[in-house]
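Read off the chains here:
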Amino acid sequence: MPAVDLDAPLVNQTRGGDAAAFDELMRRYEDKVYRLAIGMTKNRDDALDAVQDTFLNAYRKIDTFKGESAFSTWLYKIALNSIYMKLRSRTRQRTESLEDLEGILDPEKVRILMPSRGWSERADDALLRKELAGVLRAAVDSLPDEYRAIFALREVEGLSNQEVADILGLSLAATKTRLHRARLFLRQRLSRYLQGNAA
Amino acid sequence: MSHEHRREEPTCREVFDLLSEFVDGELAVPLRESLSRHLSACPPCEEFLKTFQIARSIGRESLMEEMPDELKARLRSFLRDQIRKG
């Protein structure tokens with residue numbers, strides 16, 4: 001947790017019944033929570049439901065927030081619970097198996113010995129990069145929920161590994177391993193796509 | 001890997017395993033420096049690092065999305081109603 005939680009004054013004002021303070025907290029976090037929700041649920045209505053539940057629960061439970069973690073960590077925990085509830089309530093889509101993701105830690109399987117030459121230069125092309133964003137979005141979508149949450153919180157929201165571990169209730173070591181696997185998986189998907197589309 | 005490195009230097013396998021901690025700046029200075037030396041001397045690992053970083057960067061871009069204004073308005077309206085109900 002940071003030495004000073006910049007949200008603490010607004011949290012205290014919200015506890016005192018200041019609705020404008022909670023509105024400001026929402027303004028700070030609505031894009032972040034929505035991004036996590038849409039990244040996890042892949043559905044706008046589900047994402048909106050999860051964001052609404054998150055802020056309503058945060059408002060109702062604000063007195064239970066003891067300040068032992070940053071407000072943001074507490075809020076992300078509530079958000080993930082809301083998102084997981086949403087995911088559980090609907091038919092699941094196929095995701096990568098954990099076994100396949102564990103196998104990705106084998107460098108032979110990700111062709112460390114023979115990376116295709118010129119791969120990195122091709123990915124700099126602006127038009128191709130847009131196309132690749134679609135490929136990687138599909139790859140992120142196919143990750144198991146927990147891996148997707150770790151990737152989003154770490155890479156998109158810029159949280160530290162320790163913050164991500166605290167939010168997900170995982171050990172730091174487990175968080176780092178899963179993040180590494182997720183990153184390797186995305187690289188592998190990109191590599192396969194580029195090799196498959198090589199001129 | 002087929003490249004030879006000094007015995008005290010990390011192997012390609014070790015570089016592969018430590019890549020996330022390397023890019024996150026979480027390695028102790030001596031290990032980070034030895035990985036940097038390895039990457040400078042080993043073109044396949046250097047290329048792997050580049051592509052690893054590109055995948056991270058495009059993956060991040062693919063998830064960048066702001067909440068549409070219309071949904072923000074619906075969120076506020078929903079909360080106002082719920083809070084009024086108590």
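For the structure itself, look to the data block above.
Residues numbered from 1 in each chain as written. Chains lettered and ligands numbered in written order. Predicted model: local features only at pLDDT ≥ 70, side-chain atom pairs only at ≥ 80, totals over all residues. Heavy atoms only, no water.

### Focus on the overall build of chain A
Keep this limit in mind: Runs of E in the DSSP output that reach at least two residues are strands. Runs of H or I that reach at least four are helices, and both are numbered from the N terminus. Relative accessibility under 20% of the residue-type maximum defines a buried residue, over 50% an exposed one, and the middle range a partly exposed one, all with a 1.4 Å probe and only protein chains included. A contact between two residues is defined here by any heavy atoms of the two lying within 4.5 Å. All accessible-area figures derive from a Shrake-Rupley calculation using a 1.4 Å probe, and residue coverage is judged against the displayed protein chains alone.
Each helix and strand in chain A was counted, giving 10 helices and 0 strands. For chain A, the N- to C-terminal ordering of α and β elements is α-α-α-α-α-α-α-α-α-α. Within chain A, the fraction of its 199 residues that count as buried is 53%. Look at the contacts in chain A between residues 6 or more apart in sequence, and 70% of them connect residues 24 or more apart. Of the roughly 9300 Å² that chain A leaves accessible, carbon and sulfur atoms contribute 50%.

### Things to note about the overall build of chain B
Counted only if it meets this: Radius of gyration means the value over C-alpha atoms here, while the globule rule gives 2.2 Å times the residue count to the 0.38 power.
Tallying secondary structure elements over chain B gives 4 helices and 0 strands in all. Each helix and strand of chain B, ordered N terminal to C terminal, gives the series α-α-α-α. Over its C-alpha trace chain B gives a radius of gyration of 23 Å, far above what one expects of a compact globule, namely 12 Å for 86 residues. Seen through its C-alpha atoms, chain B measures out along the principal axes to roughly 70 × 25 × 15 Å. Restricting to contacts in chain B with at least 6 residues of sequence separation, those with at least 24 account for 63%. Of the accessible surface of chain B, which amounts to about 4800 Å², a share of 48% is contributed by carbon and sulfur atoms.

### Topic: the packing of aromatic side chains
How two aromatic rings sit relative to each other is set out by the distance from centre to centre and by the angle between their planes. Residue and element names in this part refer to chain A. To be explicit about the condition: Two aromatic rings from Phe, Tyr or Trp, using only the six-membered ring of Trp, form a pair when their centres are within 6.5 Å; if the ring planes differ by under 30 degrees the pair is stacked, by over 60 it is edge-to-face, and anything between is tilted.
The full count for this structure, using the stated rule, is 7 aromatic pairs over all chains. Their ring planes at 40 degrees and their centres at 5.8 Å tell us that Phe71 and Trp74 sit as a pair that is tilted. Taken together, the positions of Phe71 and Trp74, both in helix H4 (residues 71–88) and 3 residues apart, correspond to about one turn of that helix. The residues Phe71 and Trp74 share a single accessibility class, namely buried.

### With respect to the side chain of Arg35(A)
Secondary-structure assignment places Arg35(A) in helix H2 (residues 19–41). Judged by its relative accessible area of 13%, Arg35(A) is buried. Sequence-distant contacts of Arg35(A), that is, excluding residues within four places in its chain, are made with Val156(A), Glu157(A), Leu63(B), Met64(B) and Glu65(B).

### Examining the environment of Ser171(A)
All names here are of chain A. Following the sequence through the fold, Ser171 ends up in the loop between helix H9 (161–168) and helix H10 (172–196). Since its relative accessible area comes to 42%, Ser171 is described here as partly exposed. Put simply, Ser171 and Asn161 are 10 residues apart on the chain and 9.7 Å apart in space, counted from C-alpha to C-alpha.

### Some words on the interface of chain A and chain B
Definition in use: Summed over both partners, the accessible area lost on bringing two parts together, with a 1.4 Å probe, is the buried area. When a carboxyl oxygen of Asp or Glu lies within 4 Å of a side-chain nitrogen of Lys or Arg, that pair is called a salt bridge. Counted as a polar contact is a pair of N or O atoms within 3.5 Å, where, for protein atoms, one must be capable of donating a hydrogen and the other of accepting one, and residues adjacent in sequence contribute only when both atoms are in side chains. Put simply, Ala, Val, Leu, Ile, Met, Phe, Trp, Tyr, Cys and Pro go in the nonpolar bin, Asp, Glu, Lys and Arg in the charged bin, and everything else, Gly too, in the polar bin.
Taken together, the 52 residues of chain A in the interface contact 45 residues of chain B. Buried surface at the junction of chain A and chain B, summed over both partners, amounts to about 4500 Å²; 62% is from carbon and sulfur atoms. The tally of links between chain A and chain B comes to 12 salt bridges. A salt bridge links Glu30(A) to Lys72(B), with the nearest nitrogen and oxygen atoms 3.9 Å apart. Counting across the interface, chain A meets chain B through 18 residue pairs in polar contact (both at pLDDT 80 or more). Those elements that place two or more of their residues in the side of chain A that touches chain B are H2, helix H3 (44–60), helix H6 (119–122), helix H7 (126–141), helix H8 (145–156) and H10 of chain A. The element that contributes the greatest number of residues to the side of chain A that touches chain B is H2(A), accounting for 10 residues. A class-by-class count of the residues in the side of chain A that touches chain B yields 28 nonpolar, 7 polar and 17 charged.

### Details of the nonpolar core
Residue and element names in this part refer to chain A. Selection rule: Grouping buried Ala, Val, Leu, Ile, Met, Phe, Trp, Tyr and Cys residues that are joined through side-chain atoms within 4.5 Å yields what is termed a nonpolar core.
Counting residues in hydrophobic clusters, the biggest one holds 45 residues, and the most contacted among them are Leu36, Val51, Phe55, Phe71, Leu80, Leu153 and Leu168. For this core, the leading source of residues is H2, giving 11 residues. Ignoring any residue separated from it by four or fewer positions in sequence, one finds Leu80 in contact with Leu36, Met40, Ala149, Leu153, Ile167 and Leu168.

### Observations concerning the packing of H2(A) against H3(A)
All names here are of chain A. Put simply, the rule reads: Interaxial angles span 0 to 180 degrees and are taken between N-to-C directions of axes, which are lines fitted to C-alpha atoms, for helices over the stretch in contact. Note on terminology: angles under 35 degrees are roughly parallel, angles over 145 are roughly antiparallel, angles of 65 to 115 are roughly perpendicular, and the others are oblique. It is the rotation of the near helix from the far one that decides the hand of a crossing: anticlockwise by less than a right angle makes it left-handed, clockwise makes it right-handed.
Orientation of H2 relative to H3, taken along the N-to-C sense of each, is 140 degrees, at an axis distance of 9 Å. Considering their axes alone, H2 and H3 lie oblique with respect to each other. Viewed along their axes, H2 and H3 form a crossing whose handedness is right-handed. Contacts between H2 and H3 involve Phe22, Met26, Tyr29, Glu30, Val33, Tyr34, Ala37, Ile38 and Thr41 from the first element and Arg44, Asp46, Ala47, Ala50, Val51, Thr54, Phe55, Ala58 and Tyr59 from the second. Considering only residue class, the contact of H2 with H3 consists of 13 nonpolar, 2 polar and 3 charged.

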